[in-house]
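Given next are the chains, with one letter for each unit.
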Amino acid sequence: MPETDVAVVGAGAAGLSLAHRLAGRVPGLRTPSVVLVDAPPGPLRPPPRTWCYWAAGPGRFDAAVRAEWRRLRVRPPAGAPVEGDIGPLRYRMIRSDDFERLVLRDLARSPNVRRLESTAEAVEDVPGGAHVHLRDMDGRARVLSARWVFDSRPSGSLPAARTTLLQHFHGWFVRTARSVFDPAAVELMDFRTPQPAHGLSFGYVLPIGPCEALVEYTEFSPRTLAPDRYEAAVRHYADEVLRLGERQVLATETGVIPMTDAPIPRWSGASVFRIGAAGGATRPATGYTFAGLQRQTRAVADALRRGRRPVPPAVYPVRSRAMDAVLLRALDSGRADGPELFSHLFARVPMARLLRFLDGDTRLYEDVSIGLRTPVGPMLRSALELPRLPRRPFDLPASPHPPTPPATSPPCARDSSAPPLPPTETA
């Protein structure tokens, strides 16, 4: 007999979300036993991260939301910015440490979920279930038997793809000496950054208050940068574009997200499944993952409670993934000018509708309408050549680790209405 009905390997956003959805009893439905395998403190645990998504109305994890906005702004390389109200949606920001505290607090009170700090070395599919081979903190090997295993650990490589770009970014949490940020609007894509020879770049600003924000530099390109180039890019954006003036850098974060048209497998055995980014929850055209993995883990939890085979569903429809493949090819080939394309889309399509499109929540006529507002010639040419392109494997690079820059000025006076940002580790 298995030691547990469900083993969840990895305690990132996907693993914690699934465990949270399975915690406690639901009248009339099953209550599976759950073991959440969390890596012990050390290099296998990711540093604090920021997750953003958009949603209407209340949500399951609202208590972990650090800030939310109703207005988004996109700035073309030159000319007036495009700004819009996304109501009834809200653009929400969650810090991973806040999310973890909320979920672990609830799991500690759950009678059917147990958290185990151990390193998962391998997951083995066996008749009638699976074995998770573990290594305890004292070096002792042990095996956890489960009927179902859900593995959220990132893979070091991707399946073969026709196109793979990387969304790689580096950001500063800053506090300025004067009020420079607009707390009512997110700078979603600011294309006033120097553009790379291959791909595109933009600035990204999440204002927590008039003196505090997360300021990031982001690239879509085939390769990551040297650590010092990330620091230089963020410094240029903060000083030369935003002109923040005196500022204090409280913390940094860095990440790499694959943007690929590769089909991501959602299972690796009869009883072993992959969830979250490892299970295809990332939208290829944007890199957003949090909302997608919530839909995925909600469906898995519902299947488990109803006694059905809990295969994680595809997060995005086939039509959305096909359109993403065309967009990635047009950007990678250089046929489409990225800053012009995105600026034009946000100027011509209502922002709330465009966000629903990016979530795969639009109808066919809406998709066609949005597609006609892209450069039709380059998109059509890219679509026609896709079937002839070979698929090639892609090894993911290690996440770059730029040094945390020193504080460069006294902190802003505490006139911000938002709470101060806590220090975090370098990503």
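Residues numbered from 1 in each chain as written. Predicted model: local features only at pLDDT ≥ 70, side-chain atom pairs only at ≥ 80, totals over all residues. Heavy atoms only, no water.

- As annotated in an unreviewed UniProt entry, the protein chain carries the name Lycopene beta-cyclase and is attributed to Streptomyces rapamycinicus.

1. Some remarks on the pattern of salt bridges
Right, on to step 1. A full pass over the atoms with the stated rule returns 33 salt bridges.
Right, on to step 2. A salt bridge links arginine 319 to aspartate 367, with the shortest nitrogen-to-oxygen separation between them at 2.6 Å. Of this pair, arginine 319 sits in helix H5 (residues 318–333) while aspartate 367 is found in helix H8 (residues 364–371), placing the two residues 48 residues apart along the sequence.
Right, on to step 3. A relative accessible area of 4% places aspartate 367 in the buried class.
Right, on to step 4. Salt bridges linked by common partners bring Arg70, Arg71, Arg73, Arg75, Glu83, Asp85, Asp182 and Glu187 together as one network. (Salt bridge = Lys/Arg side-chain N within 4 Å of Asp/Glu carboxyl O. Helix = DSSP H or I, 4+ residues; strand = E, 2+ residues; numbered from the N terminus. Buried < 20%, exposed > 50% of the residue type's maximum accessible area, 1.4 Å probe, protein only.)

2. Here's the deal with the packing of aromatic side chains
Right, on to step 1. Scanning all chains against the criterion turns up 13 aromatic pairs.
Right, on to step 2. Plain terms: the ring middles of tryptophan 51 and phenylalanine 99 are 5.4 Å apart, the flat faces sit at 85° to each other, and that makes the pair edge-to-face. In this pair, tryptophan 51 is assigned in strand E3 (residues 50–56) and phenylalanine 99 in helix H2 (residues 96–108), connecting sequence segments 48 residues apart. Both residues of the pair, tryptophan 51 and phenylalanine 99, belong to the buried class.
Right, on to step 3. Judged by centre distance (5.7 Å) and plane angle (20°), the rings of tryptophan 51 and phenylalanine 290 are stacked. (Phe/Tyr/Trp six-rings, centres within 6.5 Å; stacked < 30°, edge-to-face > 60°.)

3. Some thoughts on empty space enclosed by the protein
Right, on to step 1. Evaluated as defined, the whole model comprises 1 cavity of 30 Å³ or more.
Right, on to step 2. In this structure, the largest cavity encloses a volume near 70 Å³.
Right, on to step 3. As for the largest cavity, its lining consists of 13 residues, of which Trp54, Tyr288, Ala291, Tyr316 and Asp359 are closest to the centre.
Right, on to step 4. Put simply, the parts of the chain that give the lining of the largest cavity at least two residues each are E3 and helix H4 (290–305).
Right, on to step 5. Tallied by class, residues from the lining of the largest cavity come to 8 nonpolar, 3 polar and 2 charged. (1 Å grid on protein atoms, 1.4 Å probe; cavity = no way out; pocket = protein on both sides within 12 Å on 5 of 7 lines; lining within 4 Å. Points joined across faces, edges and corners; volume = space filled by probe spheres on them. Nonpolar A, V, L, I, M, F, W, Y, C, P; charged D, E, K, R; others polar.)

4. Topic: the sheet that holds E3
Right, on to step 1. In space, the 3 strands of this open sheet follow the order E3-E7-E4, with antiparallel pairing throughout. Edge positions in the open sheet fall to E3 and strand E4 (65–69), since each of these has one partner strand only. Sheet twist, expressed as the average angle between the axes of neighbouring strands with direction ignored, equals 25°.
Right, on to step 2. Examined bridge by bridge, E3 and strand E7 (residues 89–95) share 7 bridges and lie antiparallel to one another. Bridge pairing in E7 places alanine 55 opposite arginine 90.
Right, on to step 3. Packing against the sheet, H2 makes contact with E3, E4 and E7, and its axis sits at approximately 85° to E7. (Pairing = 2+ DSSP bridges. Axes fitted to C-alpha atoms, helices over the stretch in contact; angles between N-to-C directions. Contact = heavy atoms within 4.5 Å.)

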